[in-house]
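Structural features, examined
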Amino acid sequence: MHFLQGKAIRQYLGEISSSAMSRIFKRLRLHGIIERIPGTYKYFPTAYGKEVIAAGLAIKNLVLIPALA
């Protein structure tokens, strides 16, 4: 299982503040895409979140990349 932490993700997003990252995680939790591990600052994708990720990657690979070529 892969866990997400704000500080690990922020290194890939550039100049995003920790408070902004907290708001992003809150939105993802409210939409049921991630869940928080109680007592920690770690999150993991839900089954629905994995479907959303797979759909996003499919759109990227099948639509966006060919359109840019």
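Presented here is an overview of the structure given in this document. Everything numeric here is computed off the predicted structure, so don't read it as measured data.

Turning our eyes to something else, we now look at the nonpolar core. If you look at the biggest cluster of nonpolar residues, it comprises 5 residues: M21, F25, I33, I34 and Y43. Setting aside anything within four residues of it in sequence, one finds I33 in contact with L28, F44, P45, T46, Y48, G49 and V52.

Between its first and last C-alpha, helix α3 (residues 47-68) extends 31 Å over 22 residues, near the 32 Å set by a 1.5 Å rise per residue. Remark: the principal bend of α3, roughly 35°, maps to K60.

Going through the model one piece at a time under the given rule, you end up with 1 aromatic pair. Pairing F25 with Y43 gives two aromatic rings, centres 4.4 Å apart and planes at 25°, and the pair type is stacked. Remark: Y43 occurs in strand β2 (residues 43-45) and F25 occurs in helix α2 (residues 18-30); sequence separation between them is 18 residues. Accessibility classification places F25 together with Y43 in one group, the buried group. Taking NZ or CZ as reference, K42 lies 5.9 Å from the ring centre of F3, over its face.

Angle between the axes and distance between the axes: these two values describe a pair of packed helices. The geometry of helix α1 (residues 6-13) relative to α2 is characterised by a closest axis approach of 10 Å and an angle of 110° between their N-to-C directions. Taken together, the axes of α1 and α2 lie roughly perpendicular to each other. Across the interface between the two elements, G6, I9, R10 and L13 from α1 touch S18, M21 and F25 from α2. A breakdown of the residues in the contact of α1 with α2 according to their chemical character gives 4 nonpolar, 2 polar and 1 charged.

Conventions adopted
Residues numbered from 1 in each chain as written. Predicted model: local features only at pLDDT ≥ 70, side-chain atom pairs only at ≥ 80, totals over all residues. Heavy atoms only, no water. Core = buried A, V, L, I, M, F, W, Y, C linked by side-chain atoms within 4.5 Å. Buried < 20%, exposed > 50% of the residue type's maximum accessible area, 1.4 Å probe, protein only. Contact = heavy atoms within 4.5 Å. Helix = DSSP H or I, 4+ residues; strand = E, 2+ residues; numbered from the N terminus. Expected span 1.5 Å × (residues − 1). Bend = angle between axes of the 7 residues up to and from the residue. Phe/Tyr/Trp six-rings, centres within 6.5 Å; stacked < 30°, edge-to-face > 60°. Lys NZ or Arg CZ within 6 Å of the ring centre and 35° of its normal. Axes fitted to C-alpha atoms, helices over the stretch in contact; angles between N-to-C directions. Parallel < 35°, antiparallel > 145°, perpendicular 65-115°, else oblique. Nonpolar A, V, L, I, M, F, W, Y, C, P; charged D, E, K, R; others polar.

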